[in-house]
Amino acid sequence: RVEKHPRQQKSSNLQERTRRSAAETSNQPTTTMLLKQAAVVMFLSAARSSAFSLGRSAFVSSGAKTAVAKRAVSTTPTMYADPGQAEVILVGCGAPNRGMGWYHAVQMLDDKCPSASLDFIVEPWFMGPGGEGPGGPEFKEWQAESEAKYGVKFATSLDDLPPPAAPRLALISGRTADNPHLLTESIAHGCKCIYLEKPGAPTVTELQQMAKEAEEAGVEVLMGYNKNVCKYVRKTREFAEKTPGSHVTFVSNNAYENTPESLGECFERNAEGMLKNMAIHELALLVSFYDVTVDNIESVTADKKFSSMQTLPGPSGKEFTDFDKIKFTIKTKNGNEVSVAADRCGGTDSYATVTDKAGEEVFRYYMPDDEDKEMVKSLQAKYPTAMPYFFTQDPDYITVKERVAKHTVDGAPAEGIATIGIAVETLKVAEYLTPILQEQLK
């Protein structure tokens, strides 16, 4: 006897609850299963952003090529949240194997976050103008599979969703530039809590306005700064606290090819810049644990031997200037000293080191550690074309989502999770450091 996945069983139990809705929409076109495997190109972010911004008239049904959608929500049974679960809306899924939103979905659909029920996915780009472009066929195939297997509903707009049936959590994982209006829409559609991916907004001013808006609405905003709960961060801090006069360096690596084409695509897709993108997690650690704020920074010094800044054309032909790798040390006015290193082409592992008073390294802890490497191998085999960093940080993504979802339901403190207040201070630091480090590297 083949046992059903818990979400499949849950979907079956809801068939009767949704029978009338299904009957009313039985004549709607279903999504075709597309089996073609193709390379996904991610430099269409600006067009995807316009899909989020233009409104419902810009969206087309996932089952049609050019017609404007008559019904934007797919017609499969909804995975209504059980008691003790938050009703989760994923806003901004992205392409399978590439988008961070997609990986969030995979984890929730696989019941890795017991307090989270992924009931809705809002994805206007691949269900609209991007449906026939790069990544579109792969998204349609995954959408059809997810609808059939798990009962999750897909929509092109938050406007198309029903009122909350349980404590509602919006997980916003779209482009940074879209976050301000997506937060506004999430609040308007009954979200009790919002999980906002880093850095939260393009500028400090916008993020401050978002924080104010959420506070006035009584909606809590928590951030996806997963390294705040990482094992390697915790163990490094614990070791450093027992080592008088020690110095901590946080090291972050990505696995881009060290070519103008690869880095140019990276610079364009992450146009907010490395310090607001890749290294923002490390800056959040500094703000959270080392008293680093703009007002408390005494000095910042770039490691010129390690660091590199380039101006490269992106796929659009427009040039972008950014760090491909950067290392710097911050000293605070109250006596703290800490370093950060980030390398776009450094590999897949992140780690932290502790050096003693003499500058000798006395401790190093990796993410993933030996305990987690088997898990990484298993995930690589399951999703061979996915972004490698998904796997090394897999347990931490789960931890953050679960704590935020549980908090949405019962109001208990989400231990270790960064607030939007931390995010504002982190973004201030990023904006402060960027021109200083650029000037030092000229």
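Residues numbered from 1 in each chain as written. Predicted model: local features only at pLDDT ≥ 70, side-chain atom pairs only at ≥ 80, totals over all residues. Heavy atoms only, no water.

Attention now moves to the packing of helix α4 (residues 100-109) against helix α5 (residues 136-150). The contact between α4 and α5 brings their axes to 12 Å, and the two run at 20 degrees. Looking at the two axes, α4 sits roughly parallel to α5. Taken as a pair, α4 and α5 cross one another with a handedness that is left-handed. Along its contact with α4, which presents Trp102, Ala105, Val106 and Leu109, the element α5 presents Trp142, Ser146 and Tyr150. (Axes fitted to C-alpha atoms, helices over the stretch in contact; angles between N-to-C directions. Helix = DSSP H or I, 4+ residues; strand = E, 2+ residues; numbered from the N terminus. Parallel < 35°, antiparallel > 145°, perpendicular 65-115°, else oblique. Left-handed = near helix turned anticlockwise from the far one by under 90°. Contact = heavy atoms within 4.5 Å.)

Glancing now at the confidence of the model for the chain. Averaged over the chain, the pLDDT score is 86; the fraction of residues at 70 or greater is 82%. This stretch, residues 13-46, has a pLDDT under 50; its non-local contacts, to residues over four places away or in other chains, come to 46 contacts. Within the model, the stretch residues 53-71 combines pLDDT values under 50 with 33 contacts to residues more than four positions away or in other chains. (pLDDT = per-residue confidence, 0-100.)

So, about the pairing of strand β5 (residues 193-196). Neither face of β5 is open: one carries Cys193 and Tyr195, the other Ile194 and Leu196, and all of them are buried. Two strands pair when backbone bridges link them, and strand β4 (residues 168-172) and β5 are joined in this way by four bridges, in the parallel orientation. Considered in β5, the bridge of Leu171 is made with Tyr195. The parallel pair β4 and β5, bridged by helix α6 (residues 179-188), forms a crossover whose chirality is right-handed. Pairing of β5 with strand β6 (residues 220-223) involves four bridges; the strand directions are parallel. Its bridge partner being in β6, Leu196 is matched across the sheet by Met223. In this view, the connection linking β5 to its parallel neighbour β6 by way of helix α7 (residues 204-217) has right-handed handedness. (Buried < 20%, exposed > 50% of the residue type's maximum accessible area, 1.4 Å probe, protein only. Pairing = 2+ DSSP bridges. Right-handed = clockwise from strand over helix to strand, strands pointing away.)

Attention now goes to the nonpolar core. Ile194, Leu275, Phe328 and Leu433 are the most contacted members of the largest nonpolar core, which has 66 residues in total. In terms of residue count, helix α14 (residues 420-441) provides more of this core than any other element does, eight residues in total. Discounting chain neighbours no more than four positions away, the residues touching Phe328 are Leu275, Leu283, Val300, Thr301, Ala302, Asp303, Val338, Ser339, Val340, Leu433 and Leu437. Tyr103, Ala116, Ile121 and Val404 belong to the second largest nonpolar core, which has 44 residues in total. (Core = buried A, V, L, I, M, F, W, Y, C linked by side-chain atoms within 4.5 Å.)

Our focus in this paragraph is the sheet that holds strand β1 (residues 86-91). Hydrogen bonds along the backbone pair up the strands of a sheet, which may run parallel or antiparallel. Taken together, six strands build an open sheet; the order of strands is β3-β2-β1-β4-β5-β6 and the sheet is parallel. Every interior strand has two partners, whereas the edge strands, β3 (153-155) and β6, have only one. The mean inter-strand angle of the sheet, taken between neighbouring strand axes irrespective of direction, is 25 degrees. Here five bridges tie β1 to β4, and the two strands are oriented parallel to one another. In the strand pairing of β4, Val91 is matched with Ile172.

Most of strand β2 (residues 116-122) is tucked away, with seven of its seven residues classed as buried. The parallel pair β1 and β2 is bridged by α4, and the resulting crossover is right-handed. Here three bridges tie β2 to β3, and the two strands are oriented parallel to one another. In the strand pairing of β3, Phe120 is matched with Lys153. A crossover connection joins β2 to the parallel β3 through α5; in handedness this β-α-β unit is right-handed.

To continue, consider the packing of aromatic side chains. Summed over all chains, the structure comprises 16 aromatic pairs. With centroids separated by 4.8 Å and ring planes inclined at 15 degrees, the aromatic side chains of Tyr103 and Phe390 adopt a geometry described as stacked. Taken together, the residues Tyr103 in helix α4 and Phe390 in helix α12 (residues 388-392) connect sequence positions 287 residues apart. Phe390 sits in the buried class, given a relative accessible area of 0%. Where Phe139 meets Phe154, the ring centres are 6.0 Å apart and the plane angle is 80 degrees; that geometry is what we call edge-to-face. (Phe/Tyr/Trp six-rings, centres within 6.5 Å; stacked < 30°, edge-to-face > 60°.)

With that settled, consider the pattern of salt bridges. Counted according to the given criterion, the structure contains 17 salt bridges. A salt bridge links Glu87 to Arg168; its shortest N-O distance comes to 2.6 Å. Here Arg168 lies in strand β4 and Glu87 lies in strand β1, a separation of 81 residues in the sequence. The pair Glu87 / Arg168 is uniform in exposure class, with both members buried. (Salt bridge = Lys/Arg side-chain N within 4 Å of Asp/Glu carboxyl O.)

Glancing now at the packing of helix α10 (residues 280-289) against α14. At their nearest, the axes of α10 and α14 sit 9 Å apart, and the two run at 115 degrees to each other. Of the two elements, α10 crosses α14, and the hand of that crossing is right-handed. Contacts between α10 and α14 pair Ile280, Leu283, Ala284, Val287 and Ser288 from the former with Ile422, Glu425, Thr426, Leu427, Val429, Ala430 and Leu433 from the latter. For the contact of α10 with α14, the per-class residue count stands at nine nonpolar, two polar and one charged. (Nonpolar A, V, L, I, M, F, W, Y, C, P; charged D, E, K, R; others polar.)

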